[in-house]
Amino acid sequence: MGINSQSDIAANLQIGPTDQGMVRIYVEAEGIDLPLDFDPDEATEIAEELLAAAEAARQMGQTGGKPKKPRR
């Protein structure tokens, strides 16, 4: 399964700090409990990647699935 493959799997996602000073992304689905811990700098990088992906998806939605050409 790749990034563009659709799935019918439903999951719950929780994000928060741990008592050990880490940021935990916790994924729970049928038969899966997956805690992922990151140091704060890694969590910041993940957040930046999420924001960039959201912006790219927003651009594709506005242009019918084609990436928007950058302005010059």
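Residues numbered from 1 in each chain as written. Predicted model: local features only at pLDDT ≥ 70, side-chain atom pairs only at ≥ 80, totals over all residues. Heavy atoms only, no water.

Visitor: Explain the overall build of the chain residue by residue, including any values.
Guide: Along its length, the chain carries one helix and three strands. Tracing the chain from N to C terminus, the helices and strands come up as β-β-β-α. By the burial criterion, 6% of the 72 residues in the chain qualify as buried. Partitioning the contacts of the chain with sequence separation of at least 6, the portion at a separation of at least 24 is 0%. Total accessible area computed for the chain in this model is approximately 6600 Å², and 53% of it derives from carbon and sulfur atoms. (Helix = DSSP H or I, 4+ residues; strand = E, 2+ residues; numbered from the N terminus. Buried < 20%, exposed > 50% of the residue type's maximum accessible area, 1.4 Å probe, protein only. Contact = heavy atoms within 4.5 Å. Areas by Shrake-Rupley, 256 points an atom, 1.4 Å probe, with all protein chains shown as cover.)

Visitor: Tell me about the sheet that holds strand E3 (residues 32–38), and please be specific about residues and values.
Guide: Backbone hydrogen bonds are what pair the strands of a sheet, in a parallel or an antiparallel way. Strand order in this open sheet of three strands is E1-E2-E3, and the pairing throughout is antiparallel. Two strands close off the open sheet at either side, each with one partner strand: strand E1 (11–17) and E3. On average, each strand axis in the sheet is inclined to that of its neighbour by 15°, with strand direction left out of account. Note that E1 and strand E2 (residues 23–29) share seven bridges and pair antiparallel. By the bridge assignment for E2, Pro-17 is matched with Val-23. Together, E2 and E3 form the strand contacts of helix H1 (residues 40–62), whose direction differs from that of E3 by roughly 110°. (Pairing = 2+ DSSP bridges. Axes fitted to C-alpha atoms, helices over the stretch in contact; angles between N-to-C directions.)

Visitor: Can you tell me about the layout of surface pockets, naming the residues and giving the values?
Guide: In this approach, a probe sized like a water molecule rolls over the atoms, and the result shows the empty space that is left. As a volume, the largest pocket reaches approximately 210 Å³. Leu-13, Ile-15, Val-23, Ile-25, Val-27, Leu-36, Phe-38, Ala-43, Ile-46, Ala-47 and Leu-50 are the residues that line the largest pocket. Those elements that provide at least two residues to the lining of the largest pocket are E1, E2, E3 and H1. At four residues, H1 tops the list of elements feeding residues into the lining of the largest pocket. Residues belonging to the lining of the largest pocket are distributed by class as follows: eleven nonpolar, no polar and no charged. (1 Å grid on protein atoms, 1.4 Å probe; cavity = no way out; pocket = protein on both sides within 12 Å on 5 of 7 lines; lining within 4 Å. Points joined across faces, edges and corners; volume = space filled by probe spheres on them. Nonpolar A, V, L, I, M, F, W, Y, C, P; charged D, E, K, R; others polar.)

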